[in-house]
Amino acid sequence: MPMTHVLIYGLLGWCIEVIWTGVGSLLAGDSRLTATTYLWMFPIYGTAVLFESVHDSIRLWPVWRRGVIWMALCFAIEYLTGWLLASLLGAAPWDYSGSAFHIHGLIRLDYGPAWFAAGLVFEKVHDWLDRNSVSRQ
């Protein structure tokens, strides 16, 4: 597992989350585009490196099927890491309990399309990283 991949996935996830929450604040009427994330999210997004082998195994599948796999994996990681952090810290950094589509306040099912798309973006990043790695491990 190349550490540079972990760093790039972590940084990319942070950036996407800042854009996501900034746009969300605009849609809620905040013209300042206030955006938030959590330091915990960097290593959580970095776990995408664990799915590079999944990508290699499913890359020839139709895009809709791959997207569904990514959506399910993202929900699983978000739920598990939220549950783990809540167990360790007393609360997860995020709380979706205000949404009608939440499960235990840890995931929002209405975010499914975003996770579907994010997985496909991370596929492109994985391919780019593989093409541009100095040394393959």
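Residues numbered from 1 in each chain as written. Predicted model: local features only at pLDDT ≥ 70, side-chain atom pairs only at ≥ 80, totals over all residues. Heavy atoms only, no water.

Colleague: Explain the pattern of salt bridges to me, and be specific about the residues and the numbers.
Modeller: Counted under the stated rule, the structure contains five salt bridges. Linking Asp56 and Arg59 is a salt bridge whose minimum nitrogen-to-oxygen distance equals 2.9 Å. Through salt bridges that share partners, Asp56, Arg59 and Asp127 make up one connected network. (Salt bridge = Lys/Arg side-chain N within 4 Å of Asp/Glu carboxyl O.)

Colleague: Can you lay out the packing of aromatic side chains for me, pointing to particular residues and giving the numbers?
Modeller: Following the criterion strictly, the structure yields five aromatic pairs and no others. Look at Trp14 and Phe42: their rings are 4.8 Å apart centre to centre, the planes differ by 50°, and that puts the pair in the tilted class. Residue Trp14 is located in helix α1 (residues 3-27), and its partner Phe42 is located in helix α2 (residues 41-46); the two are separated by 28 residues in the primary sequence. Looking at Trp14, the relative accessible area reads 23%, which means it is partly exposed. These aromatic residues form a ring-pair network of at least three members: Trp20, Tyr96 and Tyr111. (Phe/Tyr/Trp six-rings, centres within 6.5 Å; stacked < 30°, edge-to-face > 60°. Helix = DSSP H or I, 4+ residues; strand = E, 2+ residues; numbered from the N terminus. Buried < 20%, exposed > 50% of the residue type's maximum accessible area, 1.4 Å probe, protein only.)

Colleague: Please provide a residue-by-residue account of the environment of Ala72, values included.
Modeller: Relative to the helices and strands, Ala72 is located in helix α4 (residues 63-89). Between the C-alpha atom of Ala72 and that of Thr47, which follows or precedes it by 25 residues, the distance is 15 Å.

Colleague: So what about a nonpolar patch on the surface? Which residues, and what values?
Modeller: On the surface, Trp40, Trp83, Leu84, Leu88 and Leu89 cluster together into a nonpolar patch covering about 570 Å² of accessible area. Take Leu89: it is sitting in helix α4. (Patch = residues over 30% accessible without salt bridge, like charges linked within 9 Å, V, L, I, M, F, W, Y side chains within 5 Å. Areas by Shrake-Rupley, 256 points an atom, 1.4 Å probe, with all protein chains shown as cover.)

Colleague: Lay out the side chain of Glu78 with the relevant residues and their values.
Modeller: Residue placement: Glu78 occurs in helix α4. For the buried Glu78, no salt bridge is present, and the opposite-charge side chain at shortest range is Arg108, 8.4 Å distant. At a separation of 2.9 Å, a polar atom in the side chain of Glu78 contacts the side chain of Tyr96. A polar side-chain atom of Glu78 sits 3.4 Å from a polar atom in the side chain of Trp115. (Lys, Arg positive; Asp, Glu negative; His and termini not counted. Polar contact = N/O pair within 3.5 Å; in protein donor to acceptor, adjacent residues only side chain to side chain.)

Colleague: Please set out α1 residue by residue, giving values where relevant.
Modeller: For α1, with 25 residues, the first-to-last C-alpha span of 36 Å sits near the 36 Å given by 1.5 Å per residue. When we look at burial in α1, the residues that qualify are His5, Val6, Tyr9, Gly10, Gly13, Glu17, Gly22 and Ser25. On its buried side, α1 packs onto α2, α3 (52-58) and α5 (112-132). Gly29, located one to two residues past α1, shows a positive phi value of around 100°. (Expected span 1.5 Å × (residues − 1). Contact = heavy atoms within 4.5 Å.)

Colleague: Lay out the side chain of Asp30 in plain terms, naming residues and giving numbers.
Modeller: Structurally, Asp30 can be placed in the loop between α1 and α2. Taking the relative accessible area as the measure of exposure, Asp30 reaches 16% and is therefore buried. Side-chain polar atoms of Asp30 contact the backbone nitrogen of Arg32, separated by 2.9 Å.

Colleague: Explain the environment of Leu109 to me, and be specific about the residues and the numbers.
Modeller: Note that Leu109 resides in the loop between β2 (107-108) and α5. A relative accessible area of 45% means that Leu109 is categorised as partly exposed. Apart from the residues lying within four places of it in its own chain, the contact partners of Leu109 are Phe75, Phe101 and Ile103.

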